Amino acid sequence: MFRTHTTKEASVLDGEEVKVCGWVHDIRVLGRIAFIIIRDRYGFAQLTLIKSVIGKENFKKYTKLTRESVICARGKVQKTEQANLGFEIVPDEIDVLNLAETPLPLGVADKVSADMETRIENRFLDMRKPEVLAVFIARSNILRGIRDVLLKENFIEVHTPKIVATATEGGTELFPVKYFEKDAFLNQSPQLYKQILMGSGFDRVFEIAPAFRAEEHNTTRHLNEFISIDAEMSFADDEDAMSVLERGIQNAIKYAVEDETFKLLNQDINVPEIPFKRLTYDEALEIINSRGVNIEWGEDFSTEALKILGEEMDDFYFITKWPLEIKPFYVLPFEEKYSKAFDLMYRDKELSSGAQRNHVYASLIEVMKSKGLNADSFEFYLRAFRYGMPPHSGWGLGLERLVMIITGVKNIRECVLFPRDRTRLVP
RNA sequence: GCCCCGGUAGUGUAGCGGCCUAUCAUGCGGGCCUGUCGAGCCCGCGACCCGGGUUCAAAUCCCGGCCGGGGCGCCA
């Protein structure tokens with residue numbers, strides 16, 4: 001057995017023999033006494049080495065260990081006020097499982113910061129930092145928070161193809177892939193497939209999976225590969241969809257903040273009250289124009305415009321009743337020039353977009369024509385609308401955007417283990 | 001796709017024509033120290049992205065390349 005206890009399990013003991021394994025975080029030598037700080041995923045433990053007890057040779061050997069080496073220490077746990085952690089382990093024996101080379105390309109315990117590039121190139125080391133790990137623990141909790149709500153509300157978790165023959169919505173660029181003798185693409189969204197499932201009578205589905213966009217954007221809030229959380233529900237309107245979404249967000253934040261590692265992020269966020277405020281596109285436009293930024297009716301909001309909304313509104317809010325012309329073909333038209341589309345915002349950031357969908361075949365064809373789309377290439381999708389398609393609604397939510405907002409991380413790349421951006425394909 | 005900005009020891013930086021055999025911190029190596037916990041003190045190690053040009057003189061100015069960061073557009 002490598003270890004009997006994690007550092008956290010050992011921290012509550014007193015007098016017991018334990019074996020703990022982890023990384024050498026730091027070593028402090030003070031003449032005839034030395035301290036080795038050992039770190040594992042769960043925390044830290046201090047190994048206290050007294051030269052006269054452990055022997056001259058062992059003392060020298062152990063204090064010459066390099067930082068970030070992997071060791072396993074066997075010894076007695078003692079509660080003590082003298083240690084900052086409130087306990088220490090007095091080792092009889094330390095096994096060196098793997099000696100780390102020196103110098104480290106990125107210091108884990110160093111007091112200097114590192115650039116994003118250095119961090120990502122040495123991501124395995126970067127992720128040894130407890131505050132970096134905390135982002136991924138939060139990410140896991142956020143996912144669980146949303147998944148729990150969806151499962152509880154009877155959604156079926158599904159997976160749709162990521163290698164596809166046609167664009168989902170037009171507009172964004174796709175990554176081409178060779179599919180034997182055919183040309184194919186990486187899917188930008190599961191939109192069309194989850195709608196087909198409504199025609200299959202699945203009633204409520206959700207999918208948590210990667211989506212790919214070949215846009216050459218270079219910002220702190222875009223990725224070329226991201227995780228899209230998509231939900232779709234039958235016999236439901238836009239309001240029903242928004243309501244599921246806000247319950248999911250609320251629960252995600254609840255799960256994230258109640259984890260004890262969340263405090264490492266120094267993020268001040270409260271579990272939000274629901275329902276979130278609904279603001280129509282027209283109302284939003286009025287606010288923006290009143291602040292001197294001119295946006296014409298029917299235009300999408302610029303970053304500058306969204307910053308104004310972010311200042312005027314509460315943290316989370318929906319923008320509803322969008323002009324039909326700036327939304328994708330599959331949204332339901334409403335009062336001539338409007339649609340049943342909505343966006344979920346957090347201050348100035350777009351988190352999610354959704355809509356009640358157009359389930360009427362003839363109307364769908366008409367909208368596609370007006371947008372210059374070729375209905376023939378969407379036949380696999382459209383045929384589901386000819387043999388019994390219920391009214392339905394849904395949304396897509398960018399996981400990393402949500403993680404960014406909840407954890408307070410400023411660059412979306414920090415929310416992904418190994419991010420894919422305009423120039424990064426390795427690691 | 002358009003527009004800014006930047007590349008100096010392992011890491012993060014200062015310097016922006018001659019005071020540079022290049023600053024500081026961190027790290028690494030060595031020494032002292034029996035309770036450190038951002039340990040302390042002393043000694044040492046280690047760097048100007050690549051190619052061309054301007055100049056008596058280039059880390060510093062100019063051109064090209066490569067690499068990176070950010071903003072906009074677009075979106076999640």
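Residues numbered from 1 in each chain as written. Chains lettered and ligands numbered in written order. Predicted model: local features only at pLDDT ≥ 70, side-chain atom pairs only at ≥ 80, totals over all residues. Heavy atoms only, no water.

Moving on, we get to the sheet that holds strand β7 (residues 163–164). Strand order in the open sheet formed by three strands is β7-β9-β8, with antiparallel pairing between adjacent strands. Across the chains shown, the open sheet's two edge strands, defined by having one partner strand only, are β7 and β8 (176–179). Both β7 and strand β9 (residues 182–186) contribute to a ladder of two bridges, which runs antiparallel. If you follow valine 164 over to β9, its bridge partner there is phenylalanine 185. (Pairing = 2+ DSSP bridges. Helix = DSSP H or I, 4+ residues; strand = E, 2+ residues; numbered from the N terminus.)

In the structure shown here, the tally under the stated rule is 35 salt bridges. Across the pair arginine 291 and glutamate 312 runs a salt bridge, and its minimum N-O distance is 2.5 Å. Here arginine 291, found in the loop between α9 (281–290) and α10 (303–312), pairs with glutamate 312, found in helix α10; they are 21 residues apart in sequence, far enough to count as distant. Each of Arg119, Arg123, Asp126, Lys129 and Glu414 takes part in a single network of salt bridges with overlapping partners. (Salt bridge = Lys/Arg side-chain N within 4 Å of Asp/Glu carboxyl O.)

The next point concerns empty space enclosed by the protein. All told, the structure shown has one cavity of 30 Å³ or more when counted by the stated rule. The computed volume of the largest cavity comes to approximately 30 Å³. Forming the walls of the largest cavity are Asp300, Phe301, Leu306, Ile319, Trp322, Asp343, Met345 and Glu350. The class makeup of the residues in the lining of the largest cavity is five nonpolar, no polar and three charged. (1 Å grid on protein atoms, 1.4 Å probe; cavity = no way out; pocket = protein on both sides within 12 Å on 5 of 7 lines; lining within 4 Å. Points joined across faces, edges and corners; volume = space filled by probe spheres on them. Nonpolar A, V, L, I, M, F, W, Y, C, P; charged D, E, K, R; others polar.)

So, on to the environment of phenylalanine 262. Summarising the element assignment, phenylalanine 262 is placed in the loop between α8 (238–257) and β12 (277–280). Judged by relative accessible area, which is 5%, phenylalanine 262 ranks as buried. Remark: the alpha-carbon pair of phenylalanine 262 and lysine 51, spanning 211 residues in sequence, is separated by 38 Å. The contact partners of phenylalanine 262, leaving out residues within four places of it in the chain, are Ala138, Ala256, Val257, Gln267, Ile269, Ile406 and Thr407. (Buried < 20%, exposed > 50% of the residue type's maximum accessible area, 1.4 Å probe, protein only. Contact = heavy atoms within 4.5 Å.)

We now examine the packing of helix α6 (residues 130–152) against helix α13 (residues 399–407). When two helices pack together, you describe them by how their axes are tilted relative to each other and by the distance separating the axes. In the contact formed by α6 and α13, the axes pass within 10 Å of each other and the chain directions differ by 115 degrees. Like other packed secondary-structure pairs, α6 and α13 cross with a definite hand, here right-handed. Counted together, Val135, Ala138, Arg139, Ile142, Leu143 and Ile146 of α6 and Leu399, Glu400, Leu402, Val403, Ile406 and Thr407 of α13 form the full contact between these two elements. (Axes fitted to C-alpha atoms, helices over the stretch in contact; angles between N-to-C directions. Left-handed = near helix turned anticlockwise from the far one by under 90°.)

What follows deals with helix α7 (residues 191–199). Across the nine residues of α7, seven count as buried, placing the element largely inside the fold. Buried within α7 are the following residues: Gln191, Leu192, Lys194, Gln195, Ile196, Leu197 and Met198. Positive backbone phi, approximately 80 degrees, marks glycine 201, located one or two places after α7.

In this structure, Ile249, Phe316, Leu351, Trp395 and Leu397 are the most contacted members of the largest nonpolar core, which totals 51 residues. Mapped onto this core, the elements with two or more residues apiece are α6, β10 (204–212), β11 (225–234), α8, β13 (316–320), β16 (341–346), β18 (392–398) and α13. The biggest single contributor to this core is α6, with nine residues. The residues touching isoleucine 249, leaving out its near neighbours within four places in the chain, are Phe276, Phe316, Leu344, Leu351, Leu397 and Leu402. In terms of nonpolar packing, the next biggest core, distinct from the first, is built from 39 residues, Leu197, Tyr281, Met345 and Ala355 among them. (Core = buried A, V, L, I, M, F, W, Y, C linked by side-chain atoms within 4.5 Å.)

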